[in-house]
Amino acid sequence: MSGMVSYELLKNRIGSGSNGFTLEGGIYQTFINNTGTSIKGTIVVASTTVSNAVDIAPTSSNMPIGVIYESDITNGSLVKVVVYGKAQVLLKNDEVATRGYWCGVSDIAGRMYQQSTVPSTTEYNREIGHSLENNTSGTDILSLVQIHFN
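In this text, all values refer to a predicted model and were calculated from it rather than measured experimentally. (Residues numbered from 1 in each chain as written. Predicted model: local features only at pLDDT ≥ 70, side-chain atom pairs only at ≥ 80, totals over all residues. Heavy atoms only, no water.)

**Student:** Honestly, unusual backbone geometry in this entry has me stumped. Any pointers?
**Tutor:** The general pattern is negative phi for most residues beyond glycine and trans for most peptide bonds. Here the phi dihedral of Asn52 falls at roughly 55°; this positive angle occurs in a residue that is not glycine. Positionally, Asn52 belongs in the loop between strand S3 (43-46) and strand S4 (53-56). (Helix = DSSP H or I, 4+ residues; strand = E, 2+ residues; numbered from the N terminus.)

What follows is the structure, given as structure tokens:
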């Protein structure tokens, strides 16, 4: 037997339940959506009001756990959340994305901002990962990020 495994086989064996892999290269887990109707790219935290659920990350949160992978999932339904690897994340409106920049939870709930250098310790705890692409500014722009959380 060779060491090669197709994405489809891996998805069928591992991604057929409450966890799996995204096409972008992320690892997702399922949670109960407590964000209203889900929006892909929204940064989330563990819910404090519903078990096994996620809420939109509050402004400047230092407790992010993932990024919503699917849009239009109704409140109370299961939603895929990328917890590690590559994910498309919503930029704060009117900000640009730059490859290699540090990424964190912005002063807008559920959104990301970027910096060219690692910020102060307090701000550093808001980290979600590192930018993998350049994007122009606009409204509701998704940008690829290698995510990891502190």
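From this point, the narrative continues.
**Student:** Quick question: what am I supposed to make of the pairing of strand S9 (residues 127-131) here?
**Tutor:** Successive side chains on a regular strand alternate, one facing one side of the sheet and the next facing the other. The element S9 is extensively covered by neighbouring structure, given that 4 of its 5 residues are classed as buried. Summarising the sheet, strand S7 (residues 102-105) and S9 pair through 3 bridges and their orientation is antiparallel. Residue pairing for S9: Gly104 is matched across the bridge by Glu127. Where S9 meets strand S10 (residues 142-147), 3 bridges bridge the pair, whose relative direction is antiparallel. Across the sheet, residue Ser131 finds its bridge partner in S10, namely Val145. (Buried < 20%, exposed > 50% of the residue type's maximum accessible area, 1.4 Å probe, protein only. Pairing = 2+ DSSP bridges.)

**Student:** For this particular structure, what's the right way to read the pairing of strand S6 (residues 78-90)?
**Tutor:** Inspection of the sheet shows strand S2 (residues 26-33) paired to S6 by 7 bridges, in the antiparallel sense. Bridge pairing in S6 links Gly26 to Gly85. Here 2 bridges tie strand S5 (residues 66-68) to S6, and the two strands are oriented antiparallel to one another. The residue bridging Ile68 from the neighbouring strand is Val81, located in S6. Taken together, the 6 bridges between S6 and S10 define a ladder with antiparallel strand orientation. Each residue of the ladder has a partner; that of Ala87, found in S10, is Val145.

**Student:** For this particular structure, what's the right way to read the packing of aromatic side chains?
**Tutor:** Inspection of the entire model under this criterion finds 1 aromatic pair. The lysine or arginine in question, Lys40, covers the ring of Tyr69, its NZ or CZ lying 4.8 Å from the ring centre. (Phe/Tyr/Trp six-rings, centres within 6.5 Å; stacked < 30°, edge-to-face > 60°. Lys NZ or Arg CZ within 6 Å of the ring centre and 35° of its normal.)

**Student:** Which parts of the structure should I look at to understand the nonpolar core?
**Tutor:** Note that soluble globular proteins tend to have their nonpolar side chains buried in a common cluster. Ranked by size, the top nonpolar core spans 16 residues in total, and within it Ile43, Val89, Met112, Ile128, Val145 and Ile147 carry the most contacts. Breaking this core down by element, the ones donating at least two residues are S3, S6, S7 and S10. When neighbours within four sequence positions are excluded, Val145 is seen to be in contact with Gly85, Lys86, Ala87, Val89, Cys103, Met112, Gly129, His130, Ser131 and Leu132. Core analysis: the second largest hydrophobic core is formed by 8 residues, Phe31, Val44, Val79 and Val83 among them. (Core = buried A, V, L, I, M, F, W, Y, C linked by side-chain atoms within 4.5 Å. Contact = heavy atoms within 4.5 Å.)

**Student:** Got a minute to help me understand the side chain of Lys40 in this structure?
**Tutor:** By the element assignment, Lys40 lies in the loop between S2 and S3. Looking at Lys40, its side chain comes within polar contact range of the side chain of Gln88, at 3.3 Å. Setting aside chain neighbours within four positions, we find Lys40 in contact with Glu24, Ile68, Tyr69, Glu70, Ser71, Gln88, Leu90 and Leu142. (Polar contact = N/O pair within 3.5 Å; in protein donor to acceptor, adjacent residues only side chain to side chain.)

**Student:** Help me out: how do you make sense of the pattern of salt bridges in this one?
**Tutor:** Tallying each qualifying case throughout the model produces 5 salt bridges. Residue Glu24 pairs with Lys40 through a salt bridge whose shortest N-O separation is 3.9 Å. Taken together, the positions of Glu24 in the loop between strand S1 (19-21) and S2 and Lys40 in the loop between S2 and S3 put the pair 16 residues apart, joining distant regions of the chain. You can call Glu24 partly exposed: its relative accessible area is 26%. A salt bridge links Lys92 to Glu95; the nearest nitrogen and oxygen atoms lie 3.8 Å apart. On the basis of relative accessible area, Glu95 is assigned to the partly exposed category, the value being 24%. Salt bridges linked by common partners bring Lys92, Glu95 and Asp107 together as one network. (Salt bridge = Lys/Arg side-chain N within 4 Å of Asp/Glu carboxyl O.)

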